[in-house]
Amino acid sequence: MPPRRRSWKGKKMAEASKEGGINALPDELLQHILSLLSADEAVKTCVLSRRWRHLWKSTDVLRLAADTGSWKGSKRFKKFVNHLVLFRGSSPLREFDLEFSSCGEKDERGDDSGEDESDDDRGEDESDDDSDDESDEHSDDGESDDDSDEDEDSNPFQCVMMWVMYALICQVQVLKIHNFNERYIEIDGGMPLVSQHLTKIELSGIVLKECFLNFSSCPALKELYFTKNCCFHSVKKIFSQSMQCLRIFCCQFSECHRTLIYAPSLITLFLEGFWGRTPFLERMPSLVEASIRPHQDCNDWCSNTYAGNCEDEHCDGCHGMIDKIDNDSKCVLLGGLSEAKSLKLIAGPEIFIFRSDLRCCPMFSKLKSLLLNEWCLPSNFWALACILEHSPVLRKLTLQISKEAKSMMETEENDNPLWKRAAISEHLKVVKVHCKEVDEVVYKIGKWLSTLDIKVVVKRRNQSQKRLKTGLSMGLQV
């Protein structure tokens, strides 16, 4: 019986095993190794051998980093990426990672001359440059006569949306765009993202448009992250029926209107360090965990009243909005958070958004864990009592008390104690108070909670100090 003929792939592996070393590995493992490299490093491996010539094209991760250390300006980077997507084709992508660190800052300072000189030197030293490079050099020489063309070529973000569309064509699952420049990336709002495969998006340093944040054509999207200086000035609605995790950190919303967030399948929400107007949250029946912490520069603040809506027409916090959301519910945040099992609500002393919502407080029927800071203490614990009365299954309550709490309590005009016993959860037996020192504010908290048969445990941040006798005399556990 004649020996069985080896397939082309079998011959290829046999030749690789004879060579030994990394060449003995299968293509799938080599492609995984290449996926850990940046795109320019992965492309360079094509010169290693005939087997490596096209391996980089089939890697499922594309990492593109624009920095002046590697590219000496944005023109070279844009040219490389445009050629890369042309030669790579539509091979499927699992992750597309685009990062701008310092590329473009050099161009904006007028340092493109160094790039042009390096291009000229390269043309003299390398005789095998193709005609495309020569034509680019000649076009660079003529850019000084046209300022608009120069600004367009020096814009490092000119082709970002085109590259994003390429990633979607390649059925990308994870899309990451991080911009650490002072200059924002402006995303074209003329077209929403359309993908049946996209599951995760991470964005930073981007000016976002409303159309771009309509994810109704991305049914597989589960995670959405906005971090560090994303701008929502013109965004009136963030829409996704499939999204389960939303994180917005250190981003800017409009000062004139509220952005509406519609995500009925959301499980986890982190909205922290934002400024501008607090976004309006639609009902989230699947919500499990949420953390809300407005920045101190949030526009929902007022120094005239406790819960906002003062009579001063010049108060931007109460009367600065032009376009208000037409909704039957007056709750901006708490209405959408009412189904959560764990909540963290942190705000500065003059931020009134939580206290304003409590005027029509919803029932937190599933809430088991709650963390608050001193915003709930003024007006004789009115806000704290209101939340406790509307949280029938609450088991864990933590209060973070800072030095600002003392001044807030001292400026109260209403000294009438809250004698009425609040109908609170029977599961809440202990309240933890985190503070730097046990002072009269902590004493007042312990005294009021004792009327509700709740024990107070004080945890000081400077644990190395000895227990204060005053704290023990209050009947508190330190």
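Position numbers for residues start from 1 in each chain and track the written sequence from start to end. Owing to the predicted nature of the model, reporting of local features is limited to residues with pLDDT of at least 70; listing and counting of side-chain atom pairs is limited to 80 or more, with chain, interface and lining totals taken over all residues. With hydrogens and water excluded, all non-hydrogen atoms of the structure serve as input to the side-chain values.

As annotated in an unreviewed UniProt entry, the protein chain is F-box family-2 from Oryza alta.

Draft legend 1. Examining the overall build of the protein chain more closely. For the purposes of this entry, the term helix denotes a DSSP run of H or I that reaches at least four residues, the term strand denotes a run of E that reaches at least two, and both are numbered from the N terminus. Looking only at helices and strands, the protein chain features 17 helices and 20 strands. Relative accessibility thresholds used throughout: buried, under 20% of the residue-type maximum; exposed, over 50%; partly exposed, between the two (1.4 Å probe, protein chains only). For the protein chain, the residues scored as buried account for 47% of the 478 residues in total. When checking whether two residues touch, look at their non-hydrogen atoms; a contact exists if any pair is within 4.5 Å. Considering only intrachain contacts with a sequence separation of at least 6, the fraction spanning at least 24 residues in the protein chain is 62%. When the accessible surface of the protein chain is summed, it comes to about 24600 Å², and 49% of that surface belongs to carbon and sulfur atoms. A 1.4 Å probe and the Shrake-Rupley method give the accessible areas. Residues count as covered only by the protein chains that appear here.

Draft legend 2. Representation of the sheet that holds strand E12 (residues 260-262) in the model. Spatially, the three strands line up as an open sheet ordered E9-E12-E14, and their pairing is parallel. What marks the edges here is a single partner per strand, and that holds for strand E9 (237-239) and strand E14 (280-281). The pairing criterion for strands is at least two bridges between them, as found by DSSP. Note: E9 against E12, three bridges, orientation parallel. Across the sheet, the residue bridging to lysine 237 is leucine 260, located in E12.

Draft legend 3. Focus on the pairing of strand E2 (residues 95-100). Counting buried positions along E2 gives five out of six residues, so the element sits mostly inside the fold. Two elements, strand E1 (residues 61-66) and E2, share six bridges in a ladder whose sense is parallel. Bridge assignment links alanine 65 to a residue of E2, and that residue is glutamate 99. Relative to strand E3 (residues 174-179), E2 is paired through six bridges, and the arrangement is parallel. Across the sheet, glutamate 95 pairs through a bridge with valine 174, a residue of E3.

Draft legend 4. Spatial organisation of unusual backbone geometry. Positive phi outside glycine occurs at glutamine 171, with the angle close to 60°. Looking at the element boundaries, glutamine 171 is found in the loop between helix H10 (160-169) and E3. Its relative accessible area of 39% is what places glutamine 171 among the partly exposed residues. One non-glycine residue, phenylalanine 381, adopts positive backbone phi at about 60°. As for its placement among the helices and strands, phenylalanine 381 is situated in helix H14 (residues 378-389). Among the residues examined, phenylalanine 381 registers a relative accessible area of 7% and is labelled buried.

Draft legend 5. Structural context of the nonpolar core. Residues Leu193, Phe226, Phe232 and Leu337 are the most contacted members of the largest nonpolar core, which totals 118 residues. The residues contacting leucine 337, other than those within four sequence positions of it, are Leu269, Leu281, Leu287, Ala290, Ile292, Leu343, Leu345 and Phe364. Buried Ala, Val, Leu, Ile, Met, Phe, Trp, Tyr and Cys residues that are joined via side-chain atoms within 4.5 Å together make up what is termed a nonpolar core.

Draft legend 6. Representation of H10 in the model. Most of H10 is tucked away, with seven of its ten residues classed as buried. Of all the residues in H10, the buried ones are Val160, Met161, Trp163, Val164, Tyr166, Ala167 and Leu168. Looking at the packing, one finds that the buried side of H10 touches E1, helix H5 (74-88), E2, E3 and strand E4 (185-186).

Draft legend 7. Focus on the side chain of asparagine 373. With respect to the helices and strands, the residue asparagine 373 is situated in strand E17 (residues 369-373). We classify asparagine 373 as buried; its relative accessible area is 7%. Once residues within four sequence positions are removed from consideration, asparagine 373 is found in contact with Leu345, Ile346, Ala347 and Gln400.

Draft legend 8. Spatial organisation of a nonpolar patch on the surface. For patch detection, residues must exceed 30% relative accessible area and be free of salt bridges, and they are connected within 9 Å for like charges or within 5 Å for nonpolar side chains (Val, Leu, Ile, Met, Phe, Trp, Tyr). Salt bridge criterion: a side-chain nitrogen from Lys or Arg within 4 Å of a carboxyl oxygen from Asp or Glu. On the surface, a nonpolar cluster with roughly 220 Å² of combined accessible area is contributed by Ile22, Leu29 and Ile33. The topology assignment puts isoleucine 33 in helix H2 (residues 27-35).

Draft legend 9. Expanded view of the side chain of serine 242. Relative to the helices and strands, serine 242 is located in the loop between E9 and strand E10 (245-249). Overall, serine 242 belongs to the buried group, its relative accessible area being 12%. Looking at serine 242, its side chain comes within polar contact range of the main-chain oxygen of proline 219, at 3.3 Å. In this structure serine 242 touches Cys218, Pro219, Ala220, Leu221, Lys222 and Ser265, once residues within four positions along its chain are discounted. In protein, a polar contact requires one atom able to donate a hydrogen and another able to accept it; more generally it is a pair of N or O atoms within 3.5 Å, and residues adjacent in sequence count only if both atoms are side-chain atoms.

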